[in-house]
Amino acid sequence: MHSPDTSAGRSGCPIDHTSPAGCPVTERAAAFDPFEDEYQQDPPEYLRWSREQEPIFFSPKLGYWVVTRYDDIKAIFRDNITFSPSIALEKITPTGEEANAVLSSYNYAMNRTLVNEDEPAHMARRRVLMEPFTPEALKHHEPMVRQLAREYVDRFIDDGQADLVDQMLWEVPLTVALHFLGVPEEDMDLLRKYSIAHTVNTWGRPKPEEQVAVAHAVGNFWQLAGKILEKMRLDPSGPGWMKYGIRKQADYPDVVTDSYLHSMMMAGIVAAHETTANAAANALKILLQHPTAWREICEDPSLLPNAVEECLRHNGSVAAWRRLVTKDVRIGGIDIAAGSKLLIVMSSANHDERHFEDPDLVDIRRDNSSEHLTFGYGAHQCMGKNLARMELQIFLEELTKRLPHMRLCEQKFTYVPNTSFRGPEHVRVEWDPALNPERANPQLLDTNSPVRIGEPSRHAISRSVVVAGMTKLTEDIVRLRLTSPDGRALPRWMPGAHVDVECGSPDMSRQYSLCGDPDDTQGLEIAVLRESDSRGGSVWIHDNLKVGDRLKIRGPRNHFRFDESVKRAIFVAGGIGITPIIAMALRAKRLGIDYEIHYSGRARKTMACVDELLDIHDGRLHVYAKDEGRRCDLTALLATPMADTAIYACGPTRMLESLESCCAAWPDDAVRFEHFYSTIGTLDPAKEHAFEAELKDSGIVITVAADQTLLAALRAANIDVQSDCLEGLCGSCEVRVLSGQVDHRDVVLTRAERDESSKMMSCCSRAVGGKLVLEL
Ligand code: HEM
Ligand code: FES
């Protein structure tokens, strides 16, 4: 605990210091300072202690509550009414009177744009201004981005060394941003200087002696933005988002106001420029620091789109964002009063092991990299995300193609002190120009990889492994040990995780729970039951695979996470459903959690790992072999709900259904199931009908064709909904339903949830009738 220090907090500690318990702010919370170099260098590492011990804490130095875990931050983004974005562009360091007077002398009146606008004004404006961001509209910018990237690399390709930030990554995104906004290219140098000043003014901590100079630059930026806008108003025809806004003002004067246009003219340049320039510098730095990943994308450009997402996750350019709490609320078990300010640190969320397996690893094949929160989430999620993705893919493609042999020079990376915008000021690289591949092969420059927007391709996230061992566990069950072909470490995982295994062809992919030791990074283990009458994947493994063969897998990923905070766990497994339970029970034992395992099967000799489990778990394991006359009485076992107890079950559908009815009296979140697989096949348009989905928040109506999923139709309309399994297994594509009857086809929702019809899985479920109304 730190001692009450009245000088510490600008806005004061919100806790009653007169209470006998003293100030509850811990030492680490008191020491938190996002302007310190340690935060700049590595925000997620700097906040590791918080994610682990104190995920929401009050920072007296900042006067903000700081939030660091993935789920809490996502929940905050999701609810932009309780957590207003109105302070997103407010100065984080209040300036002195002199600087304020300077700003007034320029009639500086930066106001609401989109990112700091509340509802209902925000959605109305976002809707009117969205069209230039749709994937269709963005395609027109691709040649311009490619040409710029090519020209800038041309300038230094024969030099053997470059500062990528100074010589490319800063200016190209600025020029792209100006094109996108429709601004003439003149005054670029001036704009560059001003935009940095704006960032320092808003998210930085200028020293008192710097504040006046910053204020002049910001004032000038404001006036220049006004002049450019006036120029555009004279002829608002032609391409460009700002011109589009001016044209829309004629139809919607109350939505696209003068104040909005002037403020956005300035904020838009920063939104589109610095974010992307920093993201590119961060990406180059992290990839060159991981030479294997760099080499892989040099050799296989189809890996680029996912590598971009992984860089945005691992080393994002918007480290944190802000929200204002509008009513008393509880976040992650902490009461937060209305009027409190939140600093939500997305770069910490992006390293939360509760959401990302082995989060500190740079894994360009990670299959949920795109779930990072670097673009925010929900109603305000970055509108320019697909433009940024396009730029990053093209920059990386150009550099990997033309300078695969470049490496980082010895250097210390420096950052401008700032809570939110983060990227190294310089990235110095060197190479031997004599080895430039285009000298030997000029045709190299003629081929481009397609830019991919949205979900990564399956190929891009699959990894090759070698079958290092095959052990027969029973007549029909074989355990496989999979290692990486070059002996490198594989990602760590958490109990409950699975991998997707390509069984002979990319179209035949099956999920298998990992059943080895989660900390063993040298190998992944799965157990496969031969199921002759199912879809053929397991038979292929049993009949074709041998030690030394190569396999393609995806993952590990986890839809069946073990909650390590429970006091007691009841594990119920049927047959091969024991596999995820093996790792979970081992973890429960290591953590000292009270647990029991109930494992049923047809006959003891058909049940995998019984002896091994008896050795480890002894009295906690109950084995029910039908041929020995023993059956697990689920009704008796689960008759009375127990406090602080979670049930984890995996097994055949019949067992899970009966377990679900036995658990009717248990709280919903106490019971977690893992299904082996879903029965969803490909859509058969002959059997489906088209329906309409009205999106209440966005005010648009989309048609979901008979051969299309709701998820695909939403994406085509530029509405971001996350997804993972695409088979109704994982729950990540859930959307809220306000009215209409749902034809549920997932295996995630409970029966009660289906009957209620207030949510649905957009990757597979459809409308019974002609229309659904969704909260999107
Ligand atoms: C909003 C990040 C590039 C335009 C945002 C937000 C973040 C963000 C964190 C706030 C999200 C929220 O409150 O939920 C980024 C990053 C970028 C990037 C990391 C680059 C890697 C761009 C580009 C543009 C752009 C290229 C193009 C103009 C916008 C706009 C909003 C926004 C208009 C406001 C959306 C709204 O409030 O409805 N961005 N951005 N961004 N961004 Fe980006
Ligand atoms: Fe997994 Fe839809 S994406 S349930």
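Just so you know, these numbers come straight off a predicted model, no measurement behind them.

Rules used in this analysis
Residues numbered from 1 in each chain as written. Chains lettered and ligands numbered in written order. Predicted model: local features only at pLDDT ≥ 70, side-chain atom pairs only at ≥ 80, totals over all residues. Heavy atoms only, no water. Buried < 20%, exposed > 50% of the residue type's maximum accessible area, 1.4 Å probe, protein only. Helix = DSSP H or I, 4+ residues; strand = E, 2+ residues; numbered from the N terminus. Arc of directions from axis to C-beta. Contact = heavy atoms within 4.5 Å. Axes fitted to C-alpha atoms, helices over the stretch in contact; angles between N-to-C directions. Parallel < 35°, antiparallel > 145°, perpendicular 65-115°, else oblique. Left-handed = near helix turned anticlockwise from the far one by under 90°. Nonpolar A, V, L, I, M, F, W, Y, C, P; charged D, E, K, R; others polar. Lys, Arg positive; Asp, Glu negative; His and termini not counted. Salt bridge = Lys/Arg side-chain N within 4 Å of Asp/Glu carboxyl O. Domains from an automatic or database assignment. Donors = N, O, S within 2.8 Å, 3.2 Å for Na, K, Ca; no water. Pairing = 2+ DSSP bridges. pLDDT = per-residue confidence, 0-100. Patch = residues over 30% accessible without salt bridge, like charges linked within 9 Å, V, L, I, M, F, W, Y side chains within 5 Å. Areas by Shrake-Rupley, 256 points an atom, 1.4 Å probe, with all protein chains shown as cover. Charge placed at Lys NZ, Arg CZ, Asp CG, Glu CD. Near = heavy atom within 4 Å. Polar contact = N/O pair within 3.5 Å; in protein donor to acceptor, adjacent residues only side chain to side chain. Core = buried A, V, L, I, M, F, W, Y, C linked by side-chain atoms within 4.5 Å. Right-handed = clockwise from strand over helix to strand, strands pointing away.

**Q** Talk me through helix H24 (residues 610-617); I want residue IDs and the actual numbers.
**A** For H24, the full list of buried residues reads Val610, Leu613 and His617. Around the axis of H24, the buried residues are gathered within 65° of arc, so they sit on the same side. Every exposed residue of H24 that faces more than 90 degrees away from the buried side is listed here: Asp611 and Asp615. Contacts from the buried residues of H24 go to helix H23 (578-591), strand E18 (594-601) and strand E19 (621-625).

**Q** Go over the packing of helix H15 (residues 258-288) against helix H19 (residues 385-402) with me, naming the residues and quoting the values.
**A** For the pair H15 and H19, the least separation of the axes is 10 Å and the interaxial angle reads 40°. The orientation of H15 with respect to H19, classified from their angle, is oblique. As for how H15 packs across H19, the hand of that crossing is right-handed. For the pair H15 and H19, contact is made by Thr276, Ala279, Ala280, Leu284 and Leu287 and by Ala388, Glu391, Leu392, Phe395, Leu396 and Leu399, respectively. In the contact of H15 with H19, the residues fall into nine nonpolar, one polar and one charged.

**Q** Account for the side chain of Arg323, naming residues and giving values.
**A** By the element assignment, Arg323 lies in strand E5 (residues 321-325). Of the side chains with opposite charge, Asp118 lies nearest to the buried Arg323, which makes no salt bridge, at 8.0 Å. Aside from chain neighbours lying at most four places away, what touches Arg323 is Ile76, Phe77, Phe83, Ser84, Pro85, Ile87, Ser340, Lys341, Leu342, Ile344 and His380.

**Q** An account of the domain arrangement of the chain is requested, with residue identities and associated values reported.
**A** The domain architecture assigned to the chain consists of domain 1 (97-446), domain 2 (462-557), domain 3 (568-675) and domain 4 (685-774). Put simply, the middle of domain 1 and the middle of domain 3, counted by C-alpha atoms, are 49 Å apart.

**Q** Give a description of the coordination of the iron atom of ligand 1 that names residues and reports values.
**A** For the iron atom of ligand 1, the sole protein-derived donor is Cys382 (SG), lying 2.3 Å away. Within the fold, Cys382 resides in the loop between helix H18 (346-349) and H19.

**Q** Requested: an account of the sheet that holds strand E10 (residues 428-430), with residues and values cited.
**A** Strand order in the open sheet formed by three strands is E4-E10-E9, and the pairing between neighbours is antiparallel. Each having just a single partner strand, strand E4 (161-163) and strand E9 (407-408) make up the two edges of the open sheet. Bridging between E4 and E10 involves three bridges; their strand directions are antiparallel. Looking at the pairing, Asp163 lines up with Arg428 of E10.

**Q** Explain the confidence of the model for the chain residue by residue, including any values.
**A** In this model, the chain carries an average pLDDT of 89, and 94% of its residues clear a pLDDT of 70 or more. Listed scores for the predicted complex are pTM 0.82 and ipTM 0.96.

**Q** I'd like a rundown of a positive patch on the surface, residues and numbers included.
**A** On the surface, Arg602, Lys605, Lys626, Arg631 and Arg654 cluster together to form a positively charged patch. A relative accessible area of 70% places Lys605 in the exposed class.

**Q** Pulling in residues and values, what's your account of the sheet that holds strand E15 (residues 524-529)?
**A** Strand order in the open sheet formed by six strands is E14-E13-E16-E11-E12-E15, and the pairing between neighbours is antiparallel. Both outer strands of the open sheet, strand E14 (509-513) and E15, are each paired with one neighbouring strand and no more. Taking each pair of neighbouring strands and ignoring which way they run, the sheet shows an average axis angle of 40°. The pairing of strand E13 (residues 497-502) with E14 spans five bridges and is antiparallel. Bridging across to E14, Val501 finds its partner in Arg510.

**Q** How would you explain the site of ligand 1 if you had to name every residue and give the values?
**A** In the region of ligand 1, 31 residues are neighbours, and His122, Arg126, Arg323, His380 and Cys382 sit closest. Contact distances for ligand 1 include 2.9 Å between an oxygen atom and a side-chain N or O atom of Arg323. The element that contributes the greatest number of residues to the shell around ligand 1 is H15, accounting for six residues. In terms of residue class, the shell around ligand 1 is built from 20 nonpolar, nine polar and two charged.

**Q** An account of the nonpolar core is needed here, citing residue identities and associated values.
**A** Membership of the largest hydrophobic core comes to 126 residues, with the highest contact counts inside it found for Met168, Trp241 and Met406. For this core, the element with the most residues is H15, which contributes 17 residues. Excluding residues within four positions of it along the chain, Met406 makes contact with Leu164, Leu284, Leu288, Trp294, Leu399, Val429, Glu430 and Trp431. Core analysis: the second largest hydrophobic core is formed by 30 residues, Ile477, Ile581, Ile582 and Met607 among them.

**Q** Quick one: what's the story with the pairing of strand E17 (residues 568-574), residue by residue and with numbers?
**A** Of all seven residues in E17, six are buried; the element is thus mostly enclosed. Here E17 pairs with E18 via seven bridges, running parallel. For Arg568, the partnering residue across the bridge sits in E18 and is Asp594. This β-α-β element, E17 to H23 to E18, shows right-handed connectivity. Where E17 meets strand E20 (residues 645-650), six bridges bridge the pair, whose relative direction is parallel. Bridge pairing links Ala569 to Ala646 in E20.

**Q** Pulling in residues and values, what's your account of the pattern of salt bridges?
**A** This model, assessed by the stated rule, comprises 52 salt bridges. Between Arg146 and Glu142 there is a salt bridge, with the nearest N and O atoms lying 3.1 Å from each other. Within this pair, Arg146 and its partner Glu142 are both found in helix H9 (residues 142-156), separated by four residues, close to a single helical turn. We note a salt bridge from Asp154 to Arg402, for which the minimum N-O separation is 2.7 Å. A residue pair is termed long-range when its members are at least 10 positions apart, and Asp154 in helix H9 and Arg402 in helix H19 qualify at 248 residues. Residue Asp154 is classed as partly exposed on the basis of its relative accessible area, which comes to 41%. On the accessibility criterion, Arg402 (1% relative accessible area) is buried. Through salt bridges with shared partners, a single network forms among Arg150, Asp154, Glu398, Arg402 and Glu438.

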